[in-house]
Structure formats: C-alpha cells, structure tokens
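Listed below are the residues making up each chain.
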Amino acid sequence: ERRRYTRDLLGRFAARAFRRPVDSATADRLATLAESVSAQDGQTFEAGVAQAMTAVLASPRFLFREEGT
C-alpha cells in the first residue's frame, strides 16, 4: 500500500516538474529511491520522499525544456 502511494505521489510530482507524462520505469525508480532512504537508520518516510523529489528537481528533464521536432 505504501509503495503504491509513494509511486503515485512521486509520479504526479515528476509529471508536473517535467511538464509531460512520466513512464512507469521512472516512477518505480523514484519510489525505490524513496524507500531506500527511508529504510536507513534514523530516516523517515518523509525524508525518503524529499530525497526523491530532490532527484527530480536535479534532473536535466526538469532543468531543460526539450523542443519537439
């Protein structure tokens, strides 16, 4: 249940940041990142989600707008 929630939350966030739909593989990778951070000692679910959101904001897909041909 939590994995699905995390994947949906981060998928929606990434889609808005990238200004286009996000594929399943990207949403899965973000959820995996969030889970790996939150599984560390002293870390929380929120810290994991924050780290995944940071990854989205550092992505070239967020920083640069690709022009279609």
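Anything mentioned here points back to the structure above.
Owing to the predicted nature of the structure, the values given are computational and were not obtained by experimental measurement.

Caption draft 1: Examining the side chain of Thr26 more closely. On the secondary structure map, Thr26 appears in helix H2 (residues 24-38). The exposure class of Thr26 is buried, given its relative accessible area of 5%. Side chain to side chain, Thr26 and Asp23 meet in a polar contact 2.6 Å long.

Caption draft 2: Representation of the pattern of salt bridges in the model. For the coordinates displayed, the defined rule picks out four salt bridges. Between Arg4 and Glu1 there is a salt bridge, with the nearest N and O atoms lying 3.1 Å from each other. Across the pair, exposure class does not vary: Arg4 and Glu1 are exposed alike. The closest approach of N and O atoms between Arg3 and Asp28, which form a salt bridge, is 4.0 Å.

Cut-offs applied
In every chain, residue numbers begin from 1 and rise along the written sequence. With pLDDT at 70 or above as the cut-off, local features in this predicted model cover only qualifying residues; side-chain atom pairs require 80 or more to be listed or tallied, and sums for whole chains, interfaces and linings still use all residues. Where side-chain values are given, they derive from all heavy atoms of the structure, hydrogens and water being excluded. Only runs of H or I of at least four residues qualify as helices and only runs of E of at least two qualify as strands under DSSP, and these elements are numbered from the N terminus. Buried residues are those whose accessible area, probed at 1.4 Å on protein chains only, stays under 20% of the maximum for their type, while exposed residues exceed 50% and partly exposed ones sit between those limits. We define a polar contact as two N or O atoms separated by no more than 3.5 Å, with the added condition that, inside protein, one atom must be a possible hydrogen donor and the other a possible acceptor, whereas residues neighbouring each other in sequence contribute only through side-chain atom pairs. When a carboxyl oxygen of Asp or Glu lies within 4 Å of a side-chain nitrogen of Lys or Arg, that pair is called a salt bridge.

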